[in-house]
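# Structural overview
So you can see what is in the structure, the chains are spelled out below.
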Amino acid sequence: MKRKLAGFGLAFAVAELALAYLPPLAVMLTAAFAILAAAVRAARCRRWPAYLPVWLGLACGLAWFLVYQAAVVAPRLKLAGQTVQAVAVVQTDAEPAFEEGMLRGTLQLVSLDGKPANLRVYCMNFPGVAPGERFSATFALDEQPKNAYRMAQYARGNYLRAEYLEGYAPGTPSDAPAFWLYRLRQALSRRLRLYLPRDLGGIEAAMLLGDCTQLAQSVENRFRMAGVSHLLSISGLHFSMLCGLFLLGPGAQRRRYCRPFLAAQAAVLLFYMALTGFPVSVVRAGVIYLVALLGYALVQPSDLLTSLGIAALAVGFQNGYAPCDLGCQLSFCGVIGVQLGAALGRWQRSKLLPEDARRDARGQSRPLTLPQRVLDLLLMLAEGVETALLASCATLPSLLAHGLTASGVSVLANLLVVWMLSPALVLGLLVLAFSALPWLYPCMRMASLLLSVWLRWMDSLIGWCAELPVASVYLPRRYTLLVIAILAALAYLFWVRRRMVFYLPAGVFCLAVAVGLGAAGQRNVVRAVLVGTAGNACTVVTQNGQALVFFRGGASNLQAVEEYFAENGEPDWVATVDLRQDPTVLAFPSETCYALDALPPGSATLTLPGGWTLDCVRTGGGNLAVLDVAGYHIAFGAGRVALAEPVEVDLFCAGGTVPADIQPRVIVSNAAGVTAEKLAAAAPADAKLYTGETPAVVIRPGRSVIFEEVEPLAVQ
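Residues numbered from 1 in each chain as written. Predicted model: local features only at pLDDT ≥ 70, side-chain atom pairs only at ≥ 80, totals over all residues. Heavy atoms only, no water.

## Brief notes about the sheet that holds strand β11 (residues 546-551)
Strand pairs in the sheet, formed through backbone hydrogen bonds, run parallel or antiparallel to each other. Selection criterion: Think of it this way: DSSP has to see at least two bridges between two strands before they count as a pair. Secondary structure follows DSSP: runs of H or I at least 4 residues long count as helices, runs of E at least 2 residues long count as strands, and numbering of each begins at the N terminus. Simply put, an axis is a line fit to the C-alpha atoms, just over the touching stretch for a helix, and the angle between two N-to-C directions goes from 0 to 180 degrees.
Sheet architecture is open: seven strands sit in the order β13-β12-β11-β10-β9-β21-β22, paired in mixed fashion. Each having just a single partner strand, β13 (592-595) and β22 (704-708) make up the two edges of the open sheet. The average undirected angle you get between the axes of adjacent strands in this sheet is 15°. In the sheet, strand β21 (residues 696-700) pairs with β22 via five bridges, with the strands oriented antiparallel. Each residue of the ladder has a partner; that of Val697, found in β22, is Phe707.

## Digging into the sheet that holds strand β16 (residues 622-629)
Strand order in the open sheet made by the eight strands is β14-β15-β16-β17-β18-β19-β20-β23, with mixed pairing throughout. The sheet is open, and its two borders are formed by β14 (602-607) and β23 (711-712), each paired with just one other strand. Strand direction decides the pairing type here: strand β18 (residues 647-653) and strand β19 (residues 662-669), joined by six bridges, are parallel. Directly across from Phe652, in β19, lies its bridge partner Ile667.

## Comments concerning unusual backbone geometry
With a phi angle near 50°, Asp113 is a residue other than glycine that sits in the positive phi range. With respect to the helices and strands, the residue Asp113 is situated in the loop between β3 (102-112) and β4 (115-127). Phi is positive for Ala630, close to 50°, though the residue is something other than glycine. By the secondary structure assignment, Ala630 is in the loop between β16 and β17 (632-639).

## What about the packing of aromatic side chains?
What counts, and what does not: Two rings from Phe, Tyr or Trp (for Trp, the six-membered ring) form a pair when their centres sit within 6.5 Å of each other. Planes less than 30 degrees apart are called stacked, planes more than 60 degrees apart edge-to-face, and all others tilted. In this scheme, a residue with accessible area under 20% of its type's maximum is buried, one over 50% is exposed, and one in between is partly exposed, where area comes from a 1.4 Å probe on protein chains only.
Inspection of every chain in the model, using the stated rule, returns 17 aromatic pairs. Note on Trp64 and Phe317: the rings are 4.4 Å apart at their centroids and 10° apart in plane angle, and the pair reads as stacked. Here Phe317 lies in helix α12 (residues 304-318) and Trp64 lies in helix α3 (residues 52-77), a separation of 253 residues in the sequence. Measuring from ring centre to ring centre gives 6.2 Å for Trp454 and Trp457, while their planes differ by 55°; the resulting arrangement is tilted. On the criterion of helical spacing, the pair formed by Trp454 and Trp457 is a turn pair, its members being three residues apart in helix α17 (residues 441-466). Looking at Trp454, the relative accessible area reads 18%, which means it is buried. Residue classification places Trp457 among the exposed residues on the basis of a relative accessible area of 52%.

## Concerning α12
Count 3.6 residues to each turn of an α-helix, and residues three or four apart come out pointing the same way. To keep it simple, the criterion reads: A helix is expected to span 1.5 Å for every residue after the first. Any pair of residues with heavy atoms lying within 4.5 Å of one another is described as a contacting pair.
With 15 residues, α12 should reach 21 Å at 1.5 Å per residue; the first-to-last C-alpha distance of 21 Å fits that figure. Of all the positions in α12, only Ser307, Leu308, Gly309, Ala311, Ala312, Val315 and Gly316 are classed as buried. The inward-facing, buried residues of α12 contact α1 (4-21), α3, α11 (280-297) and α13 (326-352).

## A closer look at the nonpolar core
Filter applied, for reference: Residues enter a nonpolar core if they are buried and are Ala, Val, Leu, Ile, Met, Phe, Trp, Tyr or Cys, with the set joined through side-chain atoms within 4.5 Å.
Of all hydrophobic cores here, the largest spans 50 residues; its most connected members are Ile203, Met207, Phe223, Val228, Phe239 and Met458. Elements that contribute at least two residues to this core include exactly α6 (198-209), α7 (217-226), α8 (236-246), α10 (259-275), α11, α15 (410-417), α16 (421-434) and α17. Residue contacts for Phe239: discarding those within four places in its chain leaves Ile234, Leu269, Tyr272, Met273, Val282, Ala285, Gly286 and Tyr289. Residues Val541, Trp612, Ala638 and Val697 belong to the second largest nonpolar core, which totals 31 residues.

## Let's talk about the environment of Gln69
Relative to the helices and strands, Gln69 resides in helix α3. Judged by its relative accessible area of 23%, Gln69 is partly exposed. The spatial distance from the C-alpha of Gln69 to the C-alpha of Tyr321 is 9.3 Å, given a sequence separation of 252 residues. Excluding anything up to four places from it in sequence, Gln69 contacts Ala74 and Tyr321.

## A word on the pattern of salt bridges
To be explicit about the condition: Within this document, salt bridges are pairs made up of a side-chain nitrogen of Lys or Arg and a carboxyl oxygen of Asp or Glu, the two lying within 4 Å of each other.
Following the criterion strictly, the structure yields ten salt bridges and no others. Between Glu708 and Arg478 there is a salt bridge whose closest N-O contact spans 3.6 Å. One end of the pair, Glu708, is in strand β22; the other, Arg478, is in helix α18 (residues 477-496), and 230 residues separate them in sequence. Taking the relative accessible area as the measure of exposure, Glu708 reaches 17% and is therefore buried. By relative accessible area, Arg478 is classed as exposed at 52%.

## A word on the state of the cysteines
What counts here: The criterion for a disulfide is a pair of cysteine sulfur atoms lying within 2.5 Å.
Taken as a whole, this structure holds zero disulfides when the rule is applied. Free of any disulfide, Cys328 has its nearest cysteine sulfur in Cys333, 8.7 Å distant.

## Focus: the environment of Gly327
The topology assignment puts Gly327 in helix α13. Residue Gly327 is classed as partly exposed on the basis of its relative accessible area, which comes to 32%. Spatially, the C-alpha atoms of Gly327 and Ser281 are 6.2 Å apart, while their sequence positions differ by 46 residues.

## Here we look at the pairing of β21
Of all five residues in β21, four are buried, a share of seventy percent or more. Pairing geometry for strand β9 (residues 526-531) and β21, over four bridges, is antiparallel. Paired with Arg527 across the bridge in β21 is Val698. What sits between the antiparallel neighbours β21 and β22 is a turn of three residues, in which Gly702 has the positive phi angle 80°.

## Quick look at the packing of α6 against α16
Definition in use: Every angle not falling under 35 degrees, over 145, or within 65 to 115 is termed oblique; those three ranges are roughly parallel, roughly antiparallel and roughly perpendicular. Put simply, Ala, Val, Leu, Ile, Met, Phe, Trp, Tyr, Cys and Pro go in the nonpolar bin, Asp, Glu, Lys and Arg in the charged bin, and everything else, Gly too, in the polar bin.
Contact geometry of α6 with α16 gives a least axis separation of 10 Å together with a crossing angle of 95°. For the element pair α6 / α16, the angle class is roughly perpendicular. Every residue of α16 that contacts α6 at Glu204, Met207 and Leu208 is listed here: Leu421, Ala424, Leu425, Gly428, Leu429 and Leu432. Along the lines of polarity and charge, the residues of the contact of α6 with α16 split into seven nonpolar, one polar and one charged.

## Brief notes about a nonpolar patch on the surface
Selection criterion: The patches reported here contain residues having more than 30% relative accessible area and no salt bridge. Joining distances are 9 Å for like charges and 5 Å for nonpolar side chains (Val, Leu, Ile, Met, Phe, Trp, Tyr). Values of accessible area rely on a 1.4 Å probe in the Shrake-Rupley scheme; residue burial ignores everything except the protein chains shown.
Taken together, the side chains of Leu370, Val374, Leu377, Leu378, Met380 and Leu381 define a hydrophobic patch exposed on the protein surface, amounting to about 610 Å² of accessible area. Tracing the chain through its elements places Leu378 in helix α14 (residues 370-401).

## Quick notes on the side chain of Asp578
The test is simple: Pairs of N or O atoms are called polar contacts if they sit within 3.5 Å, as long as, within protein, a hydrogen donor faces a hydrogen acceptor (for residues adjacent in sequence, only side-chain-to-side-chain pairs).
When you line up the elements, Asp578 lands in strand β12 (residues 572-578). Relative accessible area serves as the criterion here: at 4%, Asp578 is assigned to the buried category. Side chain to side chain, Asp578 and Arg580 meet in a polar contact 2.8 Å long.

## As for the packing of α11 against α12
What counts is decided by this rule: Left-handed describes a crossing whose near helix is turned anticlockwise from the far helix through less than a right angle; right-handed describes the clockwise counterpart.
With their axes 8 Å apart at the nearest point, α11 and α12 run at an angle of 130° to one another. Judged by the angle between their axes, α11 and α12 are oblique. Crossing hand, α11 versus α12: right-handed. Where α11 abuts α12, its residues Val280, Val283, Arg284, Val287, Ile288 and Val291 lie against Leu304, Ser307, Leu308, Ile310, Ala311, Ala314 and Val315. Residues of the contact of α11 with α12, tallied by class, amount to eleven nonpolar, one polar and one charged.

Don't take any of this as a statement about function, it's just geometry.
As structure tokens, then:
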């Protein structure tokens, strides 16, 4: 192995990631088998294998994670279930909560029951004014809920959640440097957005300063649909631009190795990292460039993969759960994809346009001929497309593992707009520079005008890409991850056999077979997902690209349904069944809406688009709908349904209650806490009860019924 430190660092982070998600026993057995296999191989060959640094990295990562778990996480988890009187400091991620005048975010507890402490917790609702505020109150501590956000909270160091109870008493605000830098970032953000349109100002503040508080949800959705969400987060491109500013003007090559000049660059980079709040992507990029500057200072060549391994060690050492952060995974995977694209480009150039073709018999370089210039241009264009494609493919497993959707236009969008990021950042810096002195305000306005025009072009291109038919692609998570694993294993086998030139046709053939099998396997499969407010969720039923929504009410529920559609390939919303009583007017995007409250009292049968049959019952206290899926009956209700005779169904998608006249075999709900306990108490004794954040039921008509993202809840 040529890059030993790269293999060690990346293996260190992968080991932490495996222990965070997989059962410890499975990880330990796998590690023991791998180490035993390496030892047997070393004994037979009488030398250690080249991939020894990888095994050492895995072993060190496993050991460090266990030490971190025992020394840092376990003592904090012991506080779960306690009620404490604490002094809390509001952290910089605080934002307005759903209740007016309240905040939600991370709290730093500096005192517990009068004793000094250093504990980070996440609180969904607490009184407060702004980050940096210090107050005392009574909190109930508990473990983080087992949902999709648990590992993200662990990656931020929030191993407990806190519930504010009473006793709010404000204190002296904190004077820590982090809050001074936060206030500076907010002030710079306001100056930057002063003469920019609201939506464009939020984009520029996010790209340049990491301030995402002014980003509109529509902008985030548009960037995500186009596959360029990484433009809204600070990455290595920002550091490249900052370092590039130091090399402007004459004597750039001489200044590149000047140690005081390198120290100034390092100081600026560290300040920029602190100004943005040290997010994981910034730490990764910052460590890589600091290592590169150190290489220049020592007059040593820098290697991106080695620097990436050092960054992985820095990130994983300070928090064993840091590799679980989605931004961390996308950042590292994106860099690996870019490196693969660069390596592929070098290989193509060495085969099609080698250095020997550019030199004469005496070894001196000579001008390229016209065919060689055309070939050089084609190779350059191919390298750009391949790099974007490999970077998108490298980040795809992380997106799928976190339940996010893939963009079918990410390669096109990246090729169209990534080059526009650097000028946008430079113009943003000019706006901030001109805002420093009042007599430069005309220049500031001119720079803001140019920046707004540039950002409008950029946003228009992204919007055009996001509106393309293949912008949002729904990929079955488990099946797609299996296909990716098979393709990766094939790539490794071809690489070991030194037959990578044959991998492309073999990979294309396997991918075509996988797509065909996947399409055949998903045909006529019905998927029912509970989406929206906990205890009062809507249900989205999809089959063959068509969707049917059973709506229980609330504008937040409608927004949650629309977000679910955007994240799952935008199926055709053919009909809405409104279960509400006395419904308020809401504009549903579906072509047809069936309001059960408008039906005559009693029962009725409706034939829905897509061939579904729906039996409806309207009573004085509520509405009930039963969907027939090839003999499997799914019930949806709202209100207090009172029937003349009990109705037996296979599945009931419940809100917070189960009507006494409905006798389901299985109950699925997204209720939590006290609502889930009441639901369990009201459920029939012989029914199975499942709950979860977004529980799903996958029905293969006539074959199987599978419940996903659910946990069994004991019936009282």
